[in-house]
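# Remarks on the overall topology
The lines below spell out each chain.
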Amino acid sequence: MQEHGLSIQRSCRLAGLSRTAFYRVPRSAAERDASVIAALNRQVEKRPAWGFWKCYDRMRIEGYLWNHKRVHRGYCAMRLNLPRRTKRRVPTRDPLPLEVPSTLNQVWSLDFMHDALYDGRAFRTFNVIDDGNREALGIDASTSISSARAIRFMDQLIEAHGKPAALRLDNGSELTSHAFVEWARERSIELRFIEPGKPNQNAFIERFNKTYRTEVLNAYLFASISEVQQITDDWLVEYNEQRPHDSLGRVPPLTYLPMDFTPAQSSFELCP
């Protein structure tokens, strides 16, 4: 119109645009759904804990006839569909003394660690040691370690090393889950939870984690989880059989207190 001096009718016909769309400026989504947003605001102001469907059903009861798609569009525009932060209440724990067991399989310590592959993908490791001689019983690496995977890994360690009398662990969601607690109860294994925010109460595995991070996680650039597991397995053999441990009189864990348990099966494989 401006460059060639054409009329509105001819310009709209050439552009394939109706003259109604030219004359009528479309309203923004906020203006079009202003009444829906106002009604939603009244609902969440009175009932902030309600989700979308409860708010929608209440609005239908009150006589609003908008369909759920339009209401949900306003719900998302208000960013009410985002996860709401909730505080996870951690139970109070009694402090337990950190004692060195006189024999093996009295107390095992458990903990998780985090790192990332070379391409940026995050992964976790599940570390287990025996407090008696600080032997690293096993490390499981994966992108995600749920309570079910932790239970499978613990069953494999018990098959290879025998059953511990107690486990020392923190208050992570995987270890405080009903499934893990029930698994320990069925096997008569005591769970010794440390106090929240007191990692010093699990000092044996915290010291092991530092060594593992220094000598493995910070020393290599990993391309895959299988590579992390392979390098970790090789390092565990050196750690348990060759690396001198200062607190054990400068001898390796298996030299200080060797394992005399004979597993039912000679081969031990980490859970997939």
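Check the entry above for the structure.
First, a word on scope: everything that follows refers to the structure included in this document. (Residues numbered from 1 in each chain as written. Predicted model: local features only at pLDDT ≥ 70, side-chain atom pairs only at ≥ 80, totals over all residues. Heavy atoms only, no water.)

Here arginine 124 is to be found in strand 2 (residues 122–130). Looking at arginine 124, its side chain comes within polar contact range of the main-chain oxygen of isoleucine 145, at 3.5 Å. Residues in contact with arginine 124, not counting those within four places in the same chain, are Phe112, Met113, His114, Asp140, Ala141, Ser142, Thr143, Ile145 and Glu174. (Helix = DSSP H or I, 4+ residues; strand = E, 2+ residues; numbered from the N terminus. Polar contact = N/O pair within 3.5 Å; in protein donor to acceptor, adjacent residues only side chain to side chain. Contact = heavy atoms within 4.5 Å.)

This next bit is on unusual backbone geometry. The phi torsion at arginine 79 lies on the positive side, around 60°, for a residue other than glycine. Here arginine 79 shows up in the loop between helix 6 (68–77) and strand 1 (107–116). Despite not being glycine, asparagine 105 has its phi angle at roughly 60°, a positive value. For asparagine 105, the location among the structural elements is in the loop between helix 6 and strand 1.

In this section: helix 5 (residues 52–61). Taken as a whole, helix 5 has its buried residues at Phe52, Cys55, Tyr56 and Met59. On an axial view of helix 5, the arc spanned by its buried residues comes to 100°, and they lie on one face. Residues Trp53, Lys54 and Ile61 are exposed on helix 5 and point more than 90 degrees away from its buried face. Those residues of helix 5 that are buried are in contact with helix 4 (34–46) and helix 6. (Buried < 20%, exposed > 50% of the residue type's maximum accessible area, 1.4 Å probe, protein only. Arc of directions from axis to C-beta.)

Applying the stated criterion across every chain yields a total of 13 salt bridges. Notably, a salt bridge pairs glutamate 174 with arginine 124, separated by 2.8 Å at the nearest N-O pair. Here glutamate 174 is found in helix 8 (residues 173–176), whereas its partner arginine 124 is found in strand 2, with 50 residues between them in sequence. Under the relative-accessibility criterion, arginine 124 is labelled buried at 15%. Salt bridges sharing partners connect three or more residues here, namely Asp33, Arg70 and Arg73. (Salt bridge = Lys/Arg side-chain N within 4 Å of Asp/Glu carboxyl O.)

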